[in-house]
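Breakdown of the fold
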Amino acid sequence: MKISENWLRQWANPSVDSETLGEQLTMAGLELDGVETVAPPFNGVVIGVVTECQQHPDADRLRVTKVDIGSGEQLQIVCGAPNVCVGLKVAVATIGAVLPSDDHKGFKIKKGKLRGVESQGMLCGASELGLEDEIDGLMELPKDAPIGVDVRDYLNVDAKIFEIAITPNRGDCLSVLGLAREIAAINQMPLNRPVIQSSKVVTDTAPSVQVLDAKACPRYLAQRIDDIDRTWPTPQWMTDALIASGVRSHNFLVDVTNFVLLELGQPLHAFDADKIQGDIIVRMAHSGETLELLNEQVITLSGDELVIADDAGVLALAGIMGGARSAVSDETTSIVLESAHFDQLTIAGRARRFGLHTDASQRFERGVDFALPKLAMDRAVSLIVSVAGGKVSQMTTAENLDALPVRHKIIVPVDKVSQLLGVHISSDQMVDMLNRLEIATTVEQDSLVCQVPSHRFDLTIYQDIVEEIARMYGYANIHATLPELSVDMRYDDTADLIQSVKRSLANAGYYEAVSFSFSDAKIEALFDDKSLGAVLPLANPISSDLAVMRRTLMSSLLPIVSYNLNRQQSRVRLFETGLSFVGGDVEHVVQTPSLAMIATGELTTEQSHGTRKMDFYDLKRDIESLLPNTLDKSKVTYERTTLTFLHPGQSAHLMIDGEDLGFFGQLHPSICKALDLPTVWVAQMDLDKLIALNRKSNPIIAPSKFPSVRRDLAVLVDQDVAWQTLEKDIRKAAGKYLQDVWLFDIYVGETLPKGKKSLAFAMVFQDQNATLEDEQIKAAVDKVIQNLADKHAAHLRD
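Since the structure is predicted, the reported quantities are computational estimates derived from the model, not experimental observations. (Residues numbered from 1 in each chain as written. Predicted model: local features only at pLDDT ≥ 70, side-chain atom pairs only at ≥ 80, totals over all residues. Heavy atoms only, no water.)

Backbone geometry at Gln445 places phi at a positive 50°, although glycine is not the residue there. Mapping Gln445 onto the fold places it in the loop between strand S24 (440–444) and strand S25 (447–451). Judged by relative accessible area, which is 79%, Gln445 ranks as exposed. Residues other than glycine seldom take positive phi values, yet Asp446 does so here, at roughly 60°. (Helix = DSSP H or I, 4+ residues; strand = E, 2+ residues; numbered from the N terminus. Buried < 20%, exposed > 50% of the residue type's maximum accessible area, 1.4 Å probe, protein only.)

So, on to the domain arrangement of the chain. You'll often see interface size given as the accessible area lost when the parts meet. The assigned domain composition of the chain is domain 1 (2–38 + 160–187), domain 2 (43–155), domain 3 (209–403), domain 4 (409–475), domain 5 (494–695) and domain 6 (709–796). If you average the C-alpha positions of domain 1 and of domain 6, the two centres end up 90 Å apart. (Domains from an automatic or database assignment.)

Below, the discussion takes up the packing of helix H11 (residues 414–421) against helix H13 (residues 462–473). H13 packs onto H11 with a crossing angle of 65° between their chain directions and a minimal axis gap of 10 Å. In this structure, H11 meets H13 at a crossing whose hand is right-handed. Together, Lys416, Val417, Leu420 and Leu421 of H11 and Tyr462, Gln463, Val466, Ile469 and Ala470 of H13 make up the contact between the two elements. In terms of residue class, the contact of H11 with H13 is made up of seven nonpolar, one polar and one charged. (Axes fitted to C-alpha atoms, helices over the stretch in contact; angles between N-to-C directions. Left-handed = near helix turned anticlockwise from the far one by under 90°. Contact = heavy atoms within 4.5 Å. Nonpolar A, V, L, I, M, F, W, Y, C, P; charged D, E, K, R; others polar.)

Note: strands within a sheet are paired through backbone hydrogen bonds, in either parallel or antiparallel orientation. Taken in spatial order, the four strands make up an open sheet running S36-S37-S35-S38, and their pairing is antiparallel. With one partner strand each, in any of the chains shown, strand S36 (738–747) and strand S38 (795–796) form the two edges of the open sheet. Contacting strand S35 (709–718), strand S37 (756–765) and S38, helix H21 (residues 774–792) runs over the sheet at an angle of about 15° to S35. (Pairing = 2+ DSSP bridges.)

Before going further, it helps to examine the pattern of salt bridges. Per the counting criterion, the structure on display carries 43 salt bridges. Glu36 is the salt-bridge partner of Lys2, the closest N and O atoms lying 3.3 Å from each other. Taken together, the positions of Lys2 in strand S1 (residues 2–4) and Glu36 in strand S2 (residues 31–37) put the pair 34 residues apart, joining distant regions of the chain. Classification of Glu36 by relative accessible area gives partly exposed; the value is 35%. Among the charged side chains, a network of salt bridges with common partners joins Arg170, Asp172, Glu182, Arg456, Asp458, Glu468 and Arg471. (Salt bridge = Lys/Arg side-chain N within 4 Å of Asp/Glu carboxyl O.)

A few words now on a negative patch on the surface. Together, Glu128, Asp133, Glu134, Asp136 and Asp240 make up a negatively charged patch on the protein surface. Secondary-structure assignment places Glu134 in the loop between strand S10 (122–124) and helix H3 (151–155). (Patch = residues over 30% accessible without salt bridge, like charges linked within 9 Å, V, L, I, M, F, W, Y side chains within 5 Å. Areas by Shrake-Rupley, 256 points an atom, 1.4 Å probe, with all protein chains shown as cover. Lys, Arg positive; Asp, Glu negative; His and termini not counted. Charge placed at Lys NZ, Arg CZ, Asp CG, Glu CD.)

Applying the stated criterion to the full structure yields zero disulfides. You can see Cys79 has no disulfide; the closest cysteine sulfur is in Cys53, sitting 7.8 Å from it. A relative accessible area of 5% means that Cys79 is categorised as buried. (Disulfide = S-S within 2.5 Å.)

The UniProt record annotates "domain: FDX-ACB" (unreviewed entry) at residues 704–797. The span residues 704–797 is 33% helix and 34% strand, and its two end C-alpha atoms sit 33 Å from each other. (UniProt positions renumbered as here; feature names shortened; annotations may be inferred.)

Turning our attention to the packing of helix H5 (residues 236–244) against helix H6 (residues 252–264). At a minimum axis separation of 10 Å, H5 and H6 run at an interaxial angle of 60°. By the angle between their axes, H5 is oblique relative to H6. In the crossing of H5 with H6, the sense of the turn from one axis to the other is left-handed. In contact with Trp237, Met238, Ala241 and Leu242 of H5, H6 contributes Asp255, Val256, Asn258, Phe259 and Leu262. Residue classes in the contact of H5 with H6 are distributed as seven nonpolar, one polar and one charged. (Parallel < 35°, antiparallel > 145°, perpendicular 65-115°, else oblique.)

What follows concerns the side chain of Gln24. In this fold, Gln24 is placed in helix H2 (residues 18–27). With residues up to four places along the chain from it excluded, the contact list for Gln24 reads Val16, Ile186 and Asn187.

As a further point, take the packing of aromatic side chains. Applying the stated rule across the entire model yields nine aromatic pairs. Members of the aromatic cluster, joined through ring pairs, are Phe616, Tyr617, Tyr638 and Phe664. Of note, Arg152 hangs over the ring of Phe42, and the distance from its end group to the ring centre comes to 4.5 Å. The ring of Phe744 carries Arg710 above its face, with NZ or CZ at 5.5 Å from the centroid. (Phe/Tyr/Trp six-rings, centres within 6.5 Å; stacked < 30°, edge-to-face > 60°. Lys NZ or Arg CZ within 6 Å of the ring centre and 35° of its normal.)

On to the environment of Lys728. For Lys728, the position within the fold is in helix H20 (residues 723–734). Considering only alpha carbons, one finds Lys728 and Leu661, 67 residues apart in sequence, at a separation of 19 Å.

The next thing to look at is the UniProt feature "binding site: Mg(2+)" (unreviewed entry) in the chain. In the UniProt entry, the feature "binding site: Mg(2+)" (unreviewed entry) is given for Asp458, Asp464, Glu467 and Glu468. Take Glu467: it is sitting in helix H13. For Glu467, a relative accessible area of 41% corresponds to the partly exposed category. Summarising the element assignment, Glu468 is placed in helix H13.

The buried count for helix H4 (residues 176–186) comes to 10 of 11 residues, which makes it a mostly enclosed element. Where H4 is concerned, the buried positions are Val176, Leu177, Gly178, Leu179, Ala180, Arg181, Glu182, Ile183, Ala184 and Ala185. At the exit of H4 stands Gln188, carrying a positive phi of roughly 55°.

Here's what the structure looks like:
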């Protein structure tokens, strides 16, 4: 954004030079990208008046003039400009003057001859001085311009123009008002606001307005002005301000709307009142409607654009650009002036859709103060009437207060300020800083209560207020200090243990896979088990086969297995570590670090002897290889799983001391059939629990010097009694000398009573300090038999 320094200083004029003022804006978060003057360097150009003007004897398009520059001697200058005439006040480049050039070296004026006639200088147009041409020909200076005065001084072309980079969240600073408000707050001085009053209403009529979409346009103001005297040009002071801000001067009515836009930040639009047919209608576009814009571009509307229309069709693309049909011209004497607040999201992206970028769309997309439309309307109407007269009608106001943005109070605990900034600032200082920014602030119970003003839509949370305090306090005043850190310097061996687990699997013939945390919704649907929760779709998936979050790592590994099988790799062994995402919805999703394994095909490679298909117990062996060698085997148990995506007869949960570590087994045949896969073995463990298990140190006991004794025990029990339950009870009843127990036989047959099964357990007894006596072993076995009989009605098998 370009803005004149002089214009800024009319609103807030601190006693600092241009460089310091620019530094202040930069340190306040409004970066100064550059400073330039109104015109590039030139010298030797003074104001003169043409006293004679004759036709060149040898050239139809040239004139021979006499020019008085107040030196006592008139200069003879040959000129080809079409508007040169007697009495014209002009800019005269005298002999030795240096004018701007494209190569930045300067163009020096010398005495010369044009078609045989001596010329003692040059009469300049605006472009020769590096200014914008408003007319074709010489720059016409006002009649009261003093002769002989340096043009640079008279036109004030040495005035500074600031080019400021405004961040997207600070749309309130895209105006003189917004920047001056910052300058006044920084320098602790009042803001010199111009007095803006409503113009006197002459006629009782008012524009008829219908707002059909109050959410997209919660506030719309329209006011008509008739009998405008168009003989008056744009005042020089207004033209200078526009040009210094990079805005080209058009005609007076358009210039006024541009001036108010730059001054207050509120976009306005002027319609030619005589070209409006019926009511002004604010509505969404109809799909297929066309509109010829002011830039002569014809666009076809999609239906989601907000437009200003009348009974005949679309007049303007709301908040972006007006249409050619209702455009004001040099002959326009009656206008309808529009000042509105449009919803930010309704305008956002619409300009880019049609390749447009306008000052209005830039502001509405970033957010405009919803309290500005009335003030801006009064400012524009008063400027028009003061320069060109006119009859002002009643103002039409259509608004929906419930649809306007709401600025809530923000509560800031005082201690949070010093906690975030690292400096102590008193409550009184903070209140003063915020009030200077027009954030009405009081202190209540050790907290700042801040009422956000209508123009600061970027302030929503207490951290935003702390940032405002930091800006006003000055970033340079906040010195860098080392924070006090409480660091646990103990070595974290997690990565080492994970690497050890990976090596174990690699040694067992598994290859590591790395995949996305996203999976195919079709594959995820196959894992239909309530324990996994709902499928969580992505809002913006990178592809259709990566559209949902994986609830199990199997969803990622199965496509890799298919990929390899389709390329004649019949034996596949893969593992992966990563997160699984289980939960009913996004808010309650649980991310669990997991280790997954998947295998299919032969147990060993083709080169091995005696190869066969992998089975459940092969997978169980691979799982157990991940457990620490020192783990007490009595703590390891297996329970039948009810997971619907696993084979019900060849799957289990691995339990460690009663805690579920994960599942393993055969993938359900229905899933394999759906994916055209052979028998697949899968496992998934909770990685954190597995690492914690490997981290835990278990005591090492020296082997006993005394012999161990084995006793086998076969009992008859009901078929619904789990062998794990019996094993657990045997360990409890056998006493301290029991070293190990395992199931070695299960028998069900016609020779047994109906509904019964035989379970045979091996028990190993040993004492660390002495040889066990037969009586001690018999007493332990008898106690086991009695315990099983009492709890499970078990009796010894004959």
